[in-house]
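# Summary of the model geometry
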Amino acid sequence: GLDEVLKGGLRKNASILISGGPGTGKSILALQFAYEGLKNNERVLYISSEETKEALLNYAKSINVPIEKYLKNLTIHDQMAVDGRILSIEKPLDLIKKEKIKRVILDSLTLLEFVYSENIKDYRKGVLNFINKMKNKDVTLLVTSERSNTEIDNYLYKPEDFLFDGLILLNKIRKGSSYERTITVAKMRGQNHSID
């Protein structure tokens, strides 16, 4: 239903932040975004800061998102902390140029938080620099981020929320003895969307 809310889907070359608490569907949405690109014969780069390539493929299979059928157009780059250090973000940028990537998923923004952990100013500059590099390479960028305060009426915006073209908030609301997942498009710069 996200394409319907966005009145046609995500705009090409946009930078979108998907933010929510644990279990709200951030990685599911990211995998579906990758899958739609792969079905359209687009080259996709999936940068994972928390899952290995094998674990990500197994997870996609378990939720019926068959990205493994398109491995010739999919590059999964697992870039995790090694002995407290984060690998350079230059390697993914080289892959984008070399492989002519059109869709990039960064799951999650935690990677850049580790890279620029010294202070908030460097972190904001680093995130903005990453977004601008994606735009300069004509890439549609989807990034996930964790959120600890998920009460939609008392939502606390984080500095990175303002840097992306779009901000989509995922949430879980208790309905009796179960939960219902919800989606809110907080902003989508340069694109009309339903806010009902």
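### Some points on the overall build of the chain
Helix and strand counts for the chain stand at six helices and seven strands. Element order for the chain, N to C, with α for helix and β for strand: α-β-α-β-α-β-α-β-α-α-β-β-β. Compactness check: the chain gives a C-alpha radius of gyration of 16 Å against a globular reference of 16 Å for 196 residues, within 12% of the reference. Based on the C-alpha atoms only, the size of the chain along its principal axes is roughly 45 × 40 × 35 Å. For the chain, the accessible area works out to roughly 10700 Å², and carbon and sulfur atoms hold 49% of it.

### Digging into unusual backbone geometry
Negative phi characterises most residues that are not glycine, and trans characterises most peptide bonds. Between aspartate 107 and the following residue, serine 108, the backbone shows a cis peptide bond with an omega angle of 25°. Positive phi, close to 65°, is recorded for asparagine 13, a residue that is not glycine. Its location among the elements puts asparagine 13 in the loop between α1 (2-5) and β1 (15-20). With phi around 55°, lysine 100 is a residue other than glycine that occupies positive phi space. Within the secondary structure, lysine 100 sits in the loop between α4 (90-99) and β4 (103-107).

### A look at the pattern of salt bridges
Under the definition given, this model contains nine salt bridges. Here glutamate 36 makes a salt bridge to lysine 39, at a shortest N to O gap of 3.2 Å. Note that glutamate 36 and lysine 39 are positioned in helix α2 (residues 26-39) at a spacing of three residues, about one turn of the helix. Owing to a relative accessible area of 41%, lysine 39 belongs among the partly exposed residues under this scheme. We note a salt bridge from aspartate 165 to arginine 189, for which the minimum N-O separation is 3.1 Å. Taken together, the positions of aspartate 165 in the loop between β5 (140-146) and β6 (166-175) and arginine 189 in the segment after β7 (178-188) put the pair 24 residues apart, joining distant regions of the chain. The exposure class assigned to aspartate 165 is buried, which follows from its relative accessible area of 6%. When salt bridges that share partners are traced, they join Arg11, Lys135, Asp165 and Arg189 into one network.

### Some thoughts on the sheet that holds β6
Taking strand neighbours across the sheet as the criterion, the seven strands line up as β3-β2-β4-β5-β1-β6-β7 in an open arrangement whose pairing is mixed. Where the open sheet ends on each side, the last strands, each with one partner, are β3 (74-78) and β7. Along the sheet, successive strands turn relative to each other by an average axial angle of 15°, direction set aside. In this structure, β1 lies alongside β6, joined through five bridges in parallel fashion. In the strand pairing of β6, serine 19 is matched with leucine 169. The sheet contacts of α4 involve β2 (44-48), β3 and β4, and relative to β3 the element is tilted by about 170°.

### Comments concerning helix α6 (residues 120-136)
Helix length check: α6, at 17 residues, gives a terminal C-alpha distance of 24 Å against a target of 24 Å (1.5 Å per residue), a fit within 8%. Considered for burial, the residues of α6 that qualify are Tyr123, Gly126, Val127, Phe130, Ile131 and Met134. Projected down its long axis, α6 shows its buried positions confined to an angular sector of 130°, all on one face. Among the exposed residues of α6, those pointing more than 90 degrees away from its buried face are Lys121, Lys125 and Asn136.

### A word on the environment of arginine 189
The class for arginine 189 is partly exposed, based on a relative accessible area of 40%. Counting along the chain gives 174 residues from arginine 189 to serine 15, while the straight-line C-alpha distance between them is 9.5 Å.

### Brief notes about the environment of arginine 147
When you line up the elements, arginine 147 lands in the loop between β5 and β6. Spatially, the C-alpha atoms of arginine 147 and valine 127 are 17 Å apart, while their sequence positions differ by 20 residues. Ignoring anything within four residues of it in the chain, the contact list for arginine 147 reads Ser19, Gly20, Gly21, Pro22, Tyr155, Leu156, Tyr157, Lys158 and Asp161. In terms of polar contacts, arginine 147 uses its side chain to reach the side chain of serine 19, at 2.9 Å. Within the structure, the side chain of arginine 147 is placed 2.8 Å from the side chain of aspartate 161, a separation counted as a polar contact.

Cut-off values and rules
Residues numbered from 1 in each chain as written. Predicted model: local features only at pLDDT ≥ 70, side-chain atom pairs only at ≥ 80, totals over all residues. Heavy atoms only, no water. Helix = DSSP H or I, 4+ residues; strand = E, 2+ residues; numbered from the N terminus. Rg over C-alpha atoms; globule rule 2.2 N^0.38 Å. Areas by Shrake-Rupley, 256 points an atom, 1.4 Å probe, with all protein chains shown as cover. Salt bridge = Lys/Arg side-chain N within 4 Å of Asp/Glu carboxyl O. Buried < 20%, exposed > 50% of the residue type's maximum accessible area, 1.4 Å probe, protein only. Pairing = 2+ DSSP bridges. Axes fitted to C-alpha atoms, helices over the stretch in contact; angles between N-to-C directions. Contact = heavy atoms within 4.5 Å. Expected span 1.5 Å × (residues − 1). Arc of directions from axis to C-beta. Polar contact = N/O pair within 3.5 Å; in protein donor to acceptor, adjacent residues only side chain to side chain.

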